[in-house]
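Remarks on the overall topology
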Amino acid sequence: MVKQTKTSYKSSLSKNNMERESIIKKLQSIIAKVVKLENVKLTEESTANDVKGWDSLSHIAIIAQIEESFDIKFKLRELAKLKKVGSIIDLIIKKQN
Amino acid sequence: MINFNITIIDQLIQRFQQSKEKAFCINDIYYTYNQLSQRIQAIREILQQNPPSQFKLGLVANDDIDTYASILALWIEGYAYVPLHPLQPIERCLDICEQINCKIILDSSLTSRYNNFKVIKTNLLNDKPFQPSYNKEINEDNLTYILFTSGSTGKPKGVKISRRNIAAFANAFDQTDLHLQSSDRCLQCFDLTFDVSVQSFLMPLLHGACIYTIPHDQIKFSYVAGLIEDHQITFGAMAPSMVRMLKPYFSELYSESFRACILTAEASPLELIQAWHQQCIPKATLYNYYGPTEATIYCTAYKIPIQNVKTYHGIIVIGKPFEGVDILIVDKKNTPVAQGETGEMLLSGDQITTGYWNNKTLDTKAFITLIQSGKRKRYYKTGDLCFSDAEGLIYYKGRKDTQVKINGYRIELGEIEYHVRKFYPESNAVVLTQEKEETIQLCLFIEHTQEDPHPLIEFLRQTLPQYMIPTEVLYLKEFPLNNNGKTDKNKLQILIK
């Protein structure tokens with residue numbers, strides 16, 4: 001019984017990881033397009049400071065693009081939390097469910 | 001008597017006595033007036049030990065207590081600061097340093113970008129108890145800051161602001177209807193490279209109030225909304241562009257503490273400002289303040305009434321001159337025009353800059369001496385087109401250079417924008433000109449999702465003559481903003497080149 005729970009937890013974890021992976025890929029292409037770079041490499045820990053051209057001006061365009069392509073809408077106070085790629089992903093997943 | 005020592009420094013020193021009161025809230029950390037004064041003293045002592053041979057020093061404009069303490073220490077010791085933005089390209093900052101021949105830079109950053117300069121690392125200095133005595137012999141014409149604004153030639157131009165200018169400004173600001181108190185919690189949402197920042201930190205300090213700043217890594221409008229609600233902000237100056245960014249979220253922001261809000265830095269559209277007032281800050285009194293950097297922050301004021309707001313093309317009137325500011329509206333020959341007629345606004349008085357940094361050509365263009373009621377007076381030519389009404393209220397019409405002539409017709413771009421905003425009441429609109437095959441074309445930008453522009457064009461045709469109908473329409477989801485929080489028209493212009 002215990003074993004079974006563990007397995008299902010594990011499989012949901014890996015499903016979760018896959019989901020995060022695919023979101024990161026999508027974010028990479030969105031951000032690359034907005035800041036006009038050929039490609040952008042992101043990790044969960046990346047912040048605006050790690051990407052050339054990702055400044056407070058382009059941030060707003062990036063957020064608008066994320067909202068459009070994931071078909072979600074961030075709340076005003078949530079925008080302040082969108083500084084790290086990991087937290088952007090957290091919010092996207094939360095909003096999609 | 002109005003002078004920098006009495007109006008500014010003595011007032012500040014008096015505030016340092018209210019030691020336990022909060023002066024700043026920066027990145028969620030509070031600093032008392034006593035702590036601020038100890039940081040100031042630490043920097044003063046460095047300046048006293050090795051007096052700089054130059055009267056102006058570079059200052060890296062970080063968002064921290066040492067940067068603000070540096071400004072005040074420089075002022076008390078008689079020096080001027082030249083802000084260098086940490087997020088602007090180093091080439092631009094170095095160009096400014098070169099223009100002013102700057103040798104010493106105050107920098108609170110952990111690692112400085114200025115390796116070839118004498119850098120005073122203010123964050124490494126130990127607190128010192130504040131000493132109220134200071135040198136009172138400093139000339140009123142000494143400078144307090146030099147701000148570099150983008151010049152049309154591509155090279156930034158430096159505006160010199162003196163101790164006399166700042167004292168005149170602070171005195172006139174306090175004579176407007178808006179009275180700051182020590183209990184106020186005030187927004188400072190402007191970069192230190194923009195002069196509204198000086199009002200936003202200096203006026204609260206002179207009244208013993210607390211200032212809330214925006215960390216550079218934050219999304220400004222979202223962080224501001226957080227401050228307004230969480231810290232119950234009572235006073236703040238904002239650019240209409242920031243209000244416009246908040247607009248889609250108006251239903252998520254509500255404050256009854258906000259009691260006085262200044263709109264400034266660009267034209268204020270009535271509909272936007274009324275929506276901001278009614279939906280988000282219903283208890284506040286709103287003000288429209290106008291002023292070019294050359295006239296020290298603001299030089300006209302209008303208290304926006306609840307009803308019967310005076311507007312021109314939907315833009316709120318800029319009001320009446322500040323105490324001590326003399327305004328003339330003149331034609332091309334610098335002759336005053338009749339009331340109701342449009343002309344260029346000229347400004348005179350103690351708030352007017354003594355000129356641009358090392359730029360005689362620009363000085364000759366921008367300043368003129370006119371005889372007014374038998375007296376010789378020096379005027380700054382603002383390049384802003386205005387007219388006045390019977391009450392003496394001044395209406396802003398636009399920049400002189402946005403008034404264009406197409407096929408002999410004089411066109412005011414603001415008028416086209418006004419009608420576009422009627423069609424898209426939720427959106428910002430900017431019209432720019434573009435030269436194509438030796439004819440001038442009108443290009444319209446709308447902050448809106450892409451759609452078919454034909455219904456709009458049909459709408460415009462109902463009210464505007466054919467020569468005022470834009471030849472090109474571009475939809476942008478977000479307008480770019482410059483560092484001052486204004487719509488960046490230069491960036492828009494690039495899109496059509």
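Residues numbered from 1 in each chain as written. Chains lettered and ligands numbered in written order. Predicted model: local features only at pLDDT ≥ 70, side-chain atom pairs only at ≥ 80, totals over all residues.

**A closer look at the overall build of chain A**
- In terms of helices and strands, chain A carries four helices and zero strands.
- Along chain A, helices (α) and strands (β) appear in the sequence α-α-α-α when read from the amino end.
- Across chain A, the fraction of contacts at a sequence separation of at least 24, relative to all contacts at a separation of at least 6, is 44%. (Helix = DSSP H or I, 4+ residues; strand = E, 2+ residues; numbered from the N terminus. Contact = placed C-beta atoms within 7 Å.)

**So, the overall build of chain B**
- Counting its secondary structure elements, chain B contains 13 helices and 27 strands.
- Relative to the globule expectation of 23 Å for 497 residues, the C-alpha radius of gyration of chain B, 23 Å, shows essentially globular dimensions.
- Each principal axis of the C-alpha distribution contributes one length, and for chain B these read about 70 × 55 × 45 Å.
- Within the span of chain B, comprising 497 residues, buried residues form 46% of the whole.
- The contacts in chain B between residues at least 6 apart in sequence include a share of 65% that link residues at least 24 apart. (Rg over C-alpha atoms; globule rule 2.2 N^0.38 Å. Buried ≥ 20, exposed ≤ 12 C-beta atoms within 10 Å, placed from the backbone.)

**Thoughts on the interface of chain B and chain A**
- Facing the 16 residues of chain B at the interface are 13 residues of chain A.
- Considering only residue class, the side of chain B that touches chain A consists of eight nonpolar, three polar and five charged. (Nonpolar A, V, L, I, M, F, W, Y, C, P; charged D, E, K, R; others polar.)

**A closer look at the confidence of the model for chain B**
- For chain B, mean pLDDT is 92; residues scoring 70 or higher make up 97% of the total.
- The complex prediction reports pTM at 0.86, with the ipTM value standing at 0.75. (pLDDT = per-residue confidence, 0-100.)

**Observations regarding helix H11 (residues 413-423) of chain B**
- Listed in full, the buried residues belonging to H11 of chain B are Leu 413, Gly 414, Ile 416, Glu 417, Val 420 and Arg 421 of chain B. The buried residues of H11 of chain B occupy one face: seen down the axis, they fall within an arc of 155°. (Arc of directions from axis to C-beta.)

**Focus: the domain arrangement of chain B**
- The domains assigned to chain B are domain 1 (320-398) and domain 2 (407-495).
- Once you take the C-alpha centre of each, domain 1 of chain B and domain 2 of chain B turn out to be 29 Å apart. (Domains from an automatic or database assignment.)

**A short note on the packing of helix H2 (residues 33-49) of chain B against helix H3 (residues 65-77) of chain B**
All names here are of chain B.
- Between H2 and H3, the least distance of the axes is 8 Å, while the angle of their chain directions is 55°. If you check the angle between H2 and H3, you find them oblique. Our pair here, H2 against H3, has a crossing hand that is right-handed. Residues Leu 36, Arg 39, Ile 40, Ile 43, Arg 44 and Leu 47 of H2 touch H3, and the partners they reach there are Ile 65, Asp 66, Ala 69, Ser 70, Leu 72, Ala 73, Ile 76 and Glu 77.
- Residues of the contact of H2 with H3, tallied by class, amount to nine nonpolar, one polar and four charged. (Axes fitted to C-alpha atoms, helices over the stretch in contact; angles between N-to-C directions. Parallel < 35°, antiparallel > 145°, perpendicular 65-115°, else oblique. Left-handed = near helix turned anticlockwise from the far one by under 90°.)

**Re the environment of Tyr 212 of chain B**
Residue and element names in this part refer to chain B.
- Within the fold, Tyr 212 resides in strand S10 (residues 210-213).
- In this structure the C-alpha to C-alpha distance between Tyr 212 and Ile 166, which are 46 residues apart in sequence, comes to 22 Å.
- Not counting residues within four places of it along the chain, the set of residues in contact with Tyr 212 comprises Cys 25, Arg 185, Cys 186, Leu 187, Gln 188, Leu 227, His 231 and Ile 233.

**Digging into the pairing of strand S19 (residues 343-348) of chain B**
All names here are of chain B.
- Within S19, five of the six residues are buried, leaving the element largely enclosed by the surrounding structure.
- Two elements, strand S18 (residues 326-330) and S19, share five bridges in a ladder whose sense is antiparallel. When the bridges of S19 are listed, Ile 327 appears paired with Leu 347.
- The sheet contact formed by S19 and strand S21 (residues 375-388) spans four bridges and is antiparallel. By the bridge assignment, Leu 346 is partnered in S21 with Lys 381. (Pairing = 2+ DSSP bridges.)

**Quick word on the environment of Ser 37 of chain B**
All names here are of chain B.
- Inspection of the secondary structure puts Ser 37 in helix H2.
- The class of Ser 37 is buried, set by 25 C-beta atoms lying within 10 Å.
- Measuring from C-alpha to C-alpha, the distance between Ser 37 and Phe 130 comes to 5.7 Å, with 93 residues separating the pair along the chain.
- The contacts of Ser 37, once residues within four sequence positions are left out, are Phe 16 and Phe 130.

**Let's talk about the pairing of strand S20 (residues 367-372) of chain B**
- As defined by bridge partners, S20 of chain B adjoins S21 of chain B across six bridges and the pair is classed as antiparallel. If you follow Leu 370 of chain B over to S21 of chain B, its bridge partner there is Lys 377 of chain B.

**As for unusual backbone geometry**
All names here are of chain B.
- Its identity as a non-glycine residue notwithstanding, Thr 296 has a phi of 60°, on the positive side.
- Along the chain, Thr 296 turns up in the loop between strand S13 (285-290) and strand S14 (300-304).
- By C-beta crowding, Thr 296 is classed as buried, having 32 other C-beta atoms within 10 Å.
- Phi at His 313 is positive, roughly 50°, even though this residue is not glycine.
- Summarising the element assignment, His 313 is placed in the loop between strand S15 (311-312) and strand S16 (315-316).

**Description of the environment of Lys 397 of chain B**
- Here Lys 397 of chain B shows up in strand S22 (residues 394-399).
- The sequence separation of Lys 397 of chain B and Gln 307 of chain B amounts to 90 residues, and the corresponding C-alpha distance is 21 Å.

**Digging into helix H6 (residues 196-206) of chain B**
All names here are of chain B.
- Burial analysis of H6 places ten of its eleven residues in the buried class, which makes it a mostly covered element.
- Restricting attention to buried positions, one finds in H6 the residues Val 196, Ser 197, Val 198, Gln 199, Ser 200, Phe 201, Leu 202, Met 203, Pro 204 and Leu 205.
- Looking one or two residues past H6, Gly 208 carries a phi angle of roughly 75°, positive in sign.

**Description of the confidence of the model for chain A**
- Overall, the prediction assigns chain A a mean pLDDT of 83, with 85% of residues at 70 or greater.
- Element-level pLDDT for chain A is lowest in helix H1 (residues 2-35) of chain A, with a mean of 77, against a maximum mean of 92 in helix H4 (residues 85-96) of chain A.

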